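Inside the fold
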Amino acid sequence: MTGDLLDRRAILLAETAADRDAAIRRCGEALVEIDAVHPEYLRSMLDRERSVSTYVGEGVAIPHGTLAGKDLVHRDALAVLRFPAGVDWGGQPVTICVAIAARGDGHVELLASLAEILLDTDRARALREATDPDDVLALLTPAPEDSNR
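To keep things clear, this report deals only with the structure shown in the data block. Small disclaimer: the values here were computed from a predicted structure and weren't measured. (Residues numbered from 1 in each chain as written. Predicted model: local features only at pLDDT ≥ 70, side-chain atom pairs only at ≥ 80, totals over all residues. Heavy atoms only, no water.)

A short note on the pairing of strand β4 (residues 77–89)
- Across 3 bridges, the pairing between strand β1 (residues 6–12) and β4 is parallel. Within the sheet, the bridge partner assigned to Leu12 lies in β4 and is Leu81.
- Looking at chain direction, β4 and strand β5 (residues 92–101) are connected through 9 bridges and run antiparallel. From the neighbouring strand, Trp89 faces β5, where its bridge partner is Gln92.
- Turn length for the β4-β5 hairpin, with the two strands adjacent in sequence and antiparallel, is 2 residues, and the turn residue Gly90 shows positive phi of about 60°. (Pairing = 2+ DSSP bridges. Helix = DSSP H or I, 4+ residues; strand = E, 2+ residues; numbered from the N terminus.)

Structure below.
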């Protein structure tokens, strides 16, 4: 499932952003670049962040659009952006953003995998420090025994 959602072209591991809004815009641009969303989806992502923080802990944020922005999503997709220098996310340092474009609930499985990673200190660190897209794909793809549940 993750392979369908996470396009290797949307794994960008050497990004920079002056602040949270710039990081969110870059995440949205990554989704636009793989034709997952209409460019207006970026505004929906910023609106979501203004209403509730998408910071989830362990240096990770999951920027996504509002419910009203779902109509701007062409297909469910994810983008993983790493900001090695970190971004101030409302007082929390963020190095990894998992941007979500979702019309349905196809991203829920990945979010469950992400939650498991964040609960494992070593795997969370591996995600924050990843410099190879293949490492990110391996971390976010459930092991075969996990997908048989």
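Observations regarding the nonpolar core
- One finds Leu31 and Trp89 to be the most contacted residues of the largest nonpolar core, which totals 25 residues.
- Elements with a minimum of two residues in this core: β1, α2 (20–33), α3 (41–51), β4 and β5.
- Among the elements that take part in this core, β4 stands out by supplying 6 residues, more than any other.
- Those residues within four positions of Trp89 in sequence are excluded, and the remaining contacts are Arg20, Ala23, Ile24, Glu49, Ser53, Thr54, Tyr55, Ala61, Pro63, Val94 and Cys97. (Core = buried A, V, L, I, M, F, W, Y, C linked by side-chain atoms within 4.5 Å. Buried < 20%, exposed > 50% of the residue type's maximum accessible area, 1.4 Å probe, protein only. Contact = heavy atoms within 4.5 Å.)

A short note on the pattern of salt bridges
- Per the counting criterion, the structure on display carries 12 salt bridges.
- Here Glu33 makes a salt bridge to Arg26, at a shortest N to O gap of 3.2 Å.
- The network of salt bridges with common partners includes Glu15, Arg26, Glu29 and Glu33. (Salt bridge = Lys/Arg side-chain N within 4 Å of Asp/Glu carboxyl O.)

Thoughts on α2
- Its 14 residues place the ends of α2 20 Å apart at the C-alpha level, agreeing with the 20 Å of an ideal helix rising 1.5 Å per residue.
- For α2, every residue scored as buried is listed here: Ala23, Ile24, Arg26, Cys27, Gly28, Ala30 and Leu31.
- Of the residues one or two after α2, Asp35 is the one with positive phi, at around 60°. (Expected span 1.5 Å × (residues − 1).)

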